[in-house]
Amino acid sequence: MTSEPTASPSPAAQPSPADSALVRAARGLPVQHTPVWFMRQAGRSLPEYRAARQGIGMLQSCRRPDLVAEITLQPVRRHHVDAAIFFSDIVVPLSAVGVDLDIKPGVGPVVATPFRTQADLDRLPELTPDMVPDITEAVRLSLSELGSTPLIGFAGAPFTLASYLIEGGPSRNHERTKALMHADPTLWSALCSRLARIAGAFLQVQVSAGASAVQLFDSWVGALSRADYLRFAQPHSATALAMVEGVPKIHFGVGTGELLASMGEAGADVVGVDFRVSLTDAIERLGGRYAVQGNLDPALLFAPWEPLSSAVRRIVDEGRAAPGHIFNLGHGVLPSTDPDALTRVVELVHEYSAAVAAPDADAGRP
Ligand code: CP3
């Protein structure tokens, strides 16, 4: 972690995404308010998203730069969040290198021919930028409207991608995945090395086109014990993260309370925390070495304002113990969430954290 403060921009200078609250918090630098964005903010909770997507398949939507930019921008316009997340999916790079798959509504990614043997490695060539010119264009289109708001690029981590490939679709227990990693560690390692390079290249394409931060999603890695995580997942996540240069890196998984420090050690600047662990416990487990992101339970957005707002304030307060805190949910926005609840949470995080950061200075605003 960098802890040396850099000079603040002069008031006259054009604000840049590299100096945004999100990037500064990710680097452990002082901020005037806690930055906030939401995993899955670009998606089904928004009527304008449903309208834009009408009649267009999910995977197809992810490859149309005009549509990708529009959907990426929608939550920024509506909620005034501190970052956009690039609209895509963790399986887009696999599809780009030629894996036959689809994203089925209400199900998720489904792979036509699941990965089973050494021969299947031939279906996973390297990802090169010329395979995804649409991604570069969509990032550039998004940046032209984002101005000083940073764009977060993302990819799926090797373990989570391997699970979709091996199981053929979403899985509760990841039994085939775990069977393969223990039965044939050499094949597992070869598969995850390929996936790490694909994920790292996909992240770097987004960064080269102008993304100001990246998030590596290892959504399902909480299914592993720490010993198995260290042996079978962490080295490959580390490869993917090491391929990204020049921007802060966020690393997130679900049910990863036991893995937080090991996920930080994979090469993250920010460790994402799900809602099962308090931020206070997470910060302690991380030894104060990383910024944190999280961790409001997405289901609390369905509760009345009083319990919801007190949970938000508590999370802002707990986050102050870390070198940096990015407010987020503990997992993605649920599709039936009232978008107005998200907008109110953004307002509260901004107001409450600014008042705490500068209690005597008119809430830190000019
Ligand atoms: O707003 C954002 O966060 C940006 C877009 C985004 C999507 N998927 C769009 C999407 C991001 C960051 C993802 C990542 C993703 N995709 C993850 C990691 C994040 C997590 O939730 O843990 C995972 C595991 C996937 C795989 C996947 N794709 C799932 C589980 C699903 C949901 C299936 C369903 O329909 O319930 C998808 C489809 C998907 N990806 C949708 C969106 C907006 C829904 C498709 C639709 O609108 O029809």
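Parameters at a glance
- The written sequence of each chain sets the order in which its residues are numbered from 1.
- With the structure being a predicted model, the display of local features is reserved for residues of pLDDT at least 70 and the display and counting of side-chain atom pairs for 80 or more, all residues being used for whole-chain, interface and lining totals.
- Side-chain calculation: all heavy atoms of the structure are included, whereas hydrogens and water are not.
- A cavity, in this analysis, means grid points on a 1 Å lattice covering only the protein atoms where a 1.4 Å probe fits yet has no way out; a pocket is instead an open set bounded by protein on both sides within 12 Å along at least five of seven lines, and a residue lines either one if it has an atom within 4 Å of a point.
- Grid points are joined across faces, edges and corners, and a volume is the space filled by probe spheres set on the points.
- Under the grouping applied here, Gly and all other residues not named as nonpolar or charged are polar, the nonpolar ones being Ala, Val, Leu, Ile, Met, Phe, Trp, Tyr, Cys and Pro and the charged ones Asp, Glu, Lys and Arg.
- Helix numbers and strand numbers start at the N terminus; a helix is a DSSP run of H or I with at least 4 residues, a strand a run of E with at least 2.
- Angular values range over 0 to 180 degrees, each being the angle between N-to-C directions of two axes fitted as lines to C-alpha atoms, with helices fitted over their stretch in contact.
- Any angle from 65 to 115 degrees is called roughly perpendicular, while one under 35 is roughly parallel, one over 145 is roughly antiparallel, and all others are oblique.
- The contact rule is simple, with two residues in contact once any of their heavy atoms fall within 4.5 Å.
- Note on exposure labels: buried denotes an accessible area under 20% of the residue type's maximum, exposed denotes more than 50%, and partly exposed covers the range between, all computed with a 1.4 Å probe on protein chains only.
- What the arc covers is the set of directions going from the helix axis to the C-beta atoms.
- The pairing criterion for strands is at least two bridges between them, as found by DSSP.
- Ring geometry is summarised as follows: Phe, Tyr and Trp rings, the Trp one being its six-membered ring, pair when their centres sit within 6.5 Å, and such pairs are stacked at plane angles under 30 degrees, edge-to-face over 60 and tilted between the two.
- The crossover handedness rule: strands pointing away from the viewer, path from first strand over the helix to second strand clockwise, crossover right-handed.
- A helix is expected to reach a length of 1.5 Å times the quantity of its residues less one.

### Considering empty space enclosed by the protein
Argument step 1. By the definition in use, this model includes one cavity of 30 Å³ or more.
Argument step 2. Here the largest cavity defines a volume of roughly 40 Å³.
Argument step 3. Lining the largest cavity are V99, F115, D120, R123, L124 and L165.
Argument step 4. Classifying every residue of the lining of the largest cavity gives four nonpolar, no polar and two charged.

### Considering the layout of surface pockets
Argument step 1. In this model, the largest pocket occupies a volume close to 1300 Å³.
Argument step 2. Secondary-structure elements contributing two or more residues to the lining of the largest pocket are α2 (47-53), α3 (58-61), β2 (101-104) and β3 (108-111).
Argument step 3. Looking at the lining of the largest pocket, its residues break down into 27 nonpolar, 11 polar and eight charged.

### A word on the packing of helix α7 (residues 158-167) against helix α8 (residues 175-183)
Argument step 1. At a closest axis distance of 8 Å, the pairing of α7 and α8 adopts a crossing angle of 105°. Classified by the angle their axes make, α7 and α8 are roughly perpendicular. Across from F159, S163, I166 and E167 in α7, the residues of α8 making contact are E175, R176, T177, L180 and M181.

### A closer look at α8
Argument step 1. Inspection of α8 places T177, L180 and M181 among the buried residues, and these make up the whole buried set. What you see down the axis of α8 is that its buried residues fit within an arc of 95°, all on one side.

### Thoughts on the sheet that holds strand β7 (residues 270-272)
Argument step 1. An order of β1-β4-β5-β6-β7-β8-β9 is seen for the seven strands of this open sheet, with the pairing classed as parallel. Every other strand in the sheet has two partners, leaving β1 (84-85) and β9 (325-329) as the edge strands with one partner each.
Argument step 2. Inspection of the sheet shows β7 paired to strand β8 (residues 291-296) by three bridges, in the parallel sense. In the strand pairing of β8, G272 is matched with Q293.
Argument step 3. Relative to strand β6 (residues 249-252), helix α10 (residues 226-242) is tilted by about 155°, and along the sheet it contacts β5 (213-217) and β6.

### Here we look at the packing of aromatic side chains
Argument step 1. All told, the structure shown has four aromatic pairs when counted by the stated rule.
Argument step 2. Each ring, one from F217 and one from F252, has its centre 6.2 Å from the other, and the planes form 85°; the classification is edge-to-face. With F217 in strand β5 and F252 in strand β6, this residue pair connects regions lying 35 residues apart in the sequence. Grouping residues by exposure puts F217 and F252 together as buried.

### Notes on the pairing of β8
Argument step 1. Within β8, six of the six residues are buried, which leaves it mostly tucked inside the rest of the structure.
Argument step 2. At this point the chain moves from β7, through helix α12 (residues 279-285), to the parallel β8, and the crossover so formed is right-handed.
Argument step 3. As judged from the five bridges shared by β8 and β9, these two strands associate in the parallel manner. Within the sheet, the bridge partner assigned to N295 lies in β9 and is N328.
Argument step 4. Between the parallel pair β8 and β9, the chain is carried across by helix α13 (residues 305-319), and the sense of this crossover is right-handed.

### With respect to helix α9 (residues 185-208)
Argument step 1. Compared with an ideal rise of 1.5 Å per residue, which puts 24 residues at 34 Å, α9 spans 34 Å between its outermost C-alpha atoms and is within 8% of the ideal.
Argument step 2. Positive phi shows up at G210, right after α9, with a value of about 125°.

### Description of unusual backbone geometry
Argument step 1. For the bond running from G294 to N295, omega is -10°, close enough to zero to count as cis.
Argument step 2. In the Ramachandran plot, H80 falls in the positive-phi region, its phi being about 60° despite a non-glycine side chain.
Argument step 3. For H80, the location among the structural elements is in the loop between α4 (65-79) and β1.
Argument step 4. When its relative accessible area of 55% is taken as the criterion, H80 is described as exposed.
Argument step 5. Phi at H174 takes a positive value of approximately 55°, unusual for a residue other than glycine.
Argument step 6. Structurally, H174 is set in the loop between α7 and α8.

Read these as layout, nothing more, since geometry by itself doesn't imply function.
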